[in-house]
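Summary of the model geometry
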Amino acid sequence: MAIDKLLKDDATEEKGERARMASFVGAMAIADLVKTTLGPKGMDKILQSTGRGHSVTVTNDGATILKSLHIDNPAAKVLVGILTVVVTADGATGLHVDYNKYGTDISKVQDDEVGDGTTSVVVLAGELLREAEKLVAAKIHPMTIISGYRMAAECARNALLQKVMDNKEDAEKFKSDLMKIAMTTLSSKILSQDKEHFAKLAVDAVMKLKGSTNLEAIQIIKKPGGSLKDSFLDEGFILDKKIGIGQPKRIEDAKILVANTAMDTDKVKIYGARVRVDSMSRVAQIEGAEKEKMREKVQKIIGHGINCFVNRQLIYNFPEELFADAGVLAIEHADFDGIERLALVTGGEIASTFDNPESVKLGHCKLIEEIMIGEDKLIHFSGVEMGQACTIVLRGASFHVLDEAERSLHDALCVLSQTVIDSRVLLGGGWPEMVMAKDVDELARRTPGKKSHAIDAFSRALISIPTTIADNAGLDSAELIAKLRAEHHKEGSHAGIDVISGSVGDMAELGISEAFKVKQAVLLSATEAAEMILRVDEIITCAPRRREDRM
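Residues numbered from 1 in each chain as written. Predicted model: local features only at pLDDT ≥ 70, side-chain atom pairs only at ≥ 80, totals over all residues. Heavy atoms only, no water.

A few points about the overall build of the protein
Assigned secondary structure in the protein consists of 17 helices and 20 strands. Contacts in the protein between residues at least 24 apart in sequence constitute 75% of all its contacts with a sequence separation of at least 6. As presented, the protein carries roughly 27200 Å² of accessible surface, and 50% of it is formed by carbon and sulfur atoms. (Helix = DSSP H or I, 4+ residues; strand = E, 2+ residues; numbered from the N terminus. Contact = heavy atoms within 4.5 Å. Areas by Shrake-Rupley, 256 points an atom, 1.4 Å probe, with all protein chains shown as cover.)

Describing the packing of helix 3 (residues 74–81) against helix 17 (residues 516–534)
At a closest axis distance of 9 Å, the pairing of helix 3 and helix 17 adopts a crossing angle of 155°. Relative to helix 17, the element helix 3 is oriented roughly antiparallel. In terms of crossing hand, the pair formed by helix 3 and helix 17 is right-handed. Facing Ala75, Val78 and Leu79 of helix 3, the residues of helix 17 in contact are Ala529, Met532 and Ile533. In terms of residue class, the contact of helix 3 with helix 17 is made up of six nonpolar, no polar and no charged. (Axes fitted to C-alpha atoms, helices over the stretch in contact; angles between N-to-C directions. Parallel < 35°, antiparallel > 145°, perpendicular 65-115°, else oblique. Left-handed = near helix turned anticlockwise from the far one by under 90°. Nonpolar A, V, L, I, M, F, W, Y, C, P; charged D, E, K, R; others polar.)

Comments concerning the sheet that holds strand 10 (residues 250–259)
Read from one edge of the open sheet, six strands run 9-14-13-10-11-12, paired in mixed fashion. Looking at the sheet topology across the chains shown, the edges are occupied by strand 9 (237–239) and strand 12 (329–331). If you compare each strand with its neighbour and ignore which way they point, the axes differ by 35° on average. (Pairing = 2+ DSSP bridges.)

Thoughts on a negative patch on the surface
On the surface, Asp166, Glu169, Asp170 and Glu172 cluster together into a negatively charged patch. Its location among the elements puts glutamate 172 in helix 7 (residues 171–186). (Patch = residues over 30% accessible without salt bridge, like charges linked within 9 Å, V, L, I, M, F, W, Y side chains within 5 Å. Salt bridge = Lys/Arg side-chain N within 4 Å of Asp/Glu carboxyl O. Lys, Arg positive; Asp, Glu negative; His and termini not counted. Charge placed at Lys NZ, Arg CZ, Asp CG, Glu CD.)

Details of the pairing of strand 14 (residues 376–384)
With three bridges joining them, strand 9 and strand 14 adopt antiparallel strand pairing. Bridge pairing in strand 14 places leucine 239 opposite isoleucine 379. Relative to strand 14, strand 13 (residues 363–373) runs antiparallel, the two sharing eight bridges. Paired with isoleucine 368 across the two strands is phenylalanine 381, which belongs to strand 14. Where strand 13 folds back onto strand 14 in an antiparallel hairpin, the turn is made up of two residues, including glycine 374, whose phi is positive at roughly 65°.

Considering the side chain of histidine 488
As for its position among the elements, histidine 488 is in helix 15 (residues 477–488). Exposure remark for histidine 488: the relative accessible area of 6% places this residue in the buried category. Not counting chain neighbours up to four residues away, the residues in contact with histidine 488 comprise Trp431, Met434, Val435, Lys438, Ser493 and Ala495. (Buried < 20%, exposed > 50% of the residue type's maximum accessible area, 1.4 Å probe, protein only.)

Concerning the pattern of salt bridges
On inspection of all chains with the given rule, the structure shows 28 salt bridges. Among the ionic pairs, lysine 483 bridges to glutamate 479, the shortest N-O distance being 3.9 Å. Note that lysine 483 and glutamate 479 are positioned in helix 15 at a spacing of four residues, about one turn of the helix. Salt bridges linked by common partners bring Asp32, Lys35, Glu127 and Arg130 together as one network.

Observations concerning a nonpolar patch on the surface
A contiguous nonpolar surface patch, about 220 Å² in accessible area, is contributed by Val275, Val277 and Ile286. With respect to the secondary-structure elements, valine 277 resides in the loop between strand 10 and helix 9 (280–302).

Topic: unusual backbone geometry
In this structure, lysine 139 is a non-glycine residue whose phi angle is positive, near 65°. Along the chain, lysine 139 turns up in the loop between helix 5 (118–137) and helix 6 (142–163). Using a relative accessible area of 69% as the deciding quantity, one classes lysine 139 as exposed. Positive phi, close to 45°, is recorded for aspartate 253, a residue that is not glycine. Secondary-structure assignment places aspartate 253 in strand 10.

Geometric values such as these leave the question of function open.
Have a look at this one:
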């Protein structure tokens, strides 16, 4: 007996060829969207939110663009979702797709962990699917294509492993490698004009971490005014607050209590209640009792033997007066990120009750003082317990410039902190892709059967990255790629695309380097993204839930 209808009325399903076409088209559209941002001459996008205020973001950071998109096509969602590449501590790349979070903090993990390469992943995955579409049209089964792609990805990774350089033993060379990586990462961002200055800031900040990848210890403060060149690195921690009136402006050997507590808990807060009194003196008594309770709380806090009190909430005038009399510096309304980081770097813990002073862990630093940055006063904590803490102060013409500068710097810091652990380095500028493509080409010639077509397609997809870099710089990509391929047939070639002179250049001489970890993550995650979308042969869209009539 045939079933007339399986799905509900509003549900739709696409099968076979149509489903595959929808998948390919959606994923390639996403790749084409971010393609123009790739490379040192990539263009920016303006993202405007539809929420209140219609906030505008100007960026060429692949992760930020993809995070801001609200996508309808399911395959495009998978491609964006697959960017959650988790790079584990030992350098293995495991793929983690959280199906509940599509469209939210998607490319964030690739961005947080590896820092860079989010645009390259999408472009490479898009090209792999573009090639796969031609193969499927030539009646090659998707599983054959996947099998060929896997062989090609393994071959490409081995090709990179043979070419890596590792200068971890030589401190001078290693620092120079880090500088080159930072400058290469920053060259495609807004900071490219002052990339040497910012590369030095990023390398110094990461060297202070002494091998840790905890970027929480590096704080970035944005202050409009001045130019990007005025940005600087400061050891210690800067809190974006002013010191209150009548309080000590400088404290040495500070003992800091970081708290999140309400200082007005003892006020009468019975909304809508009436307190009847028979004379004004009774009102004074109520006020006196409130003040006494507040005084008791302040005495408990001072009893911890502190000389600096930082609170997440407001402190109000009367407690502030009491702290000032006791010679304690009281800082109120510090933002939550601020106090979390302050507790971390000073070695303290955030307290909310003060009855057991022995169980509260205080923070310590050598000096607290007020400093001026531009026209603003801030509080500077130097000589903090966590020696690796530092603050990068960014200056710039407007908030849009500062936001983009922060994103660029974040990418550089992530890449550098990962490179300190896995110190293997490759040349950049399209060199790794050409090295991989050459080996994959040879594998295709040695492989019998239909798989060789897929392996050959993988090699063409790899070449799309240097092609895109050249196209975005307004160069003749066909001419350049042909020259590059010829150069790479010579033994030990360091040829890549030099977008500044518009020709093929020696990447080792130009000092263009990239981290092996980033390239590996790009290669493996793009392959797995393409593989996941290739497996699709049916798309079912569920019917929307209907509201039940509650009449």
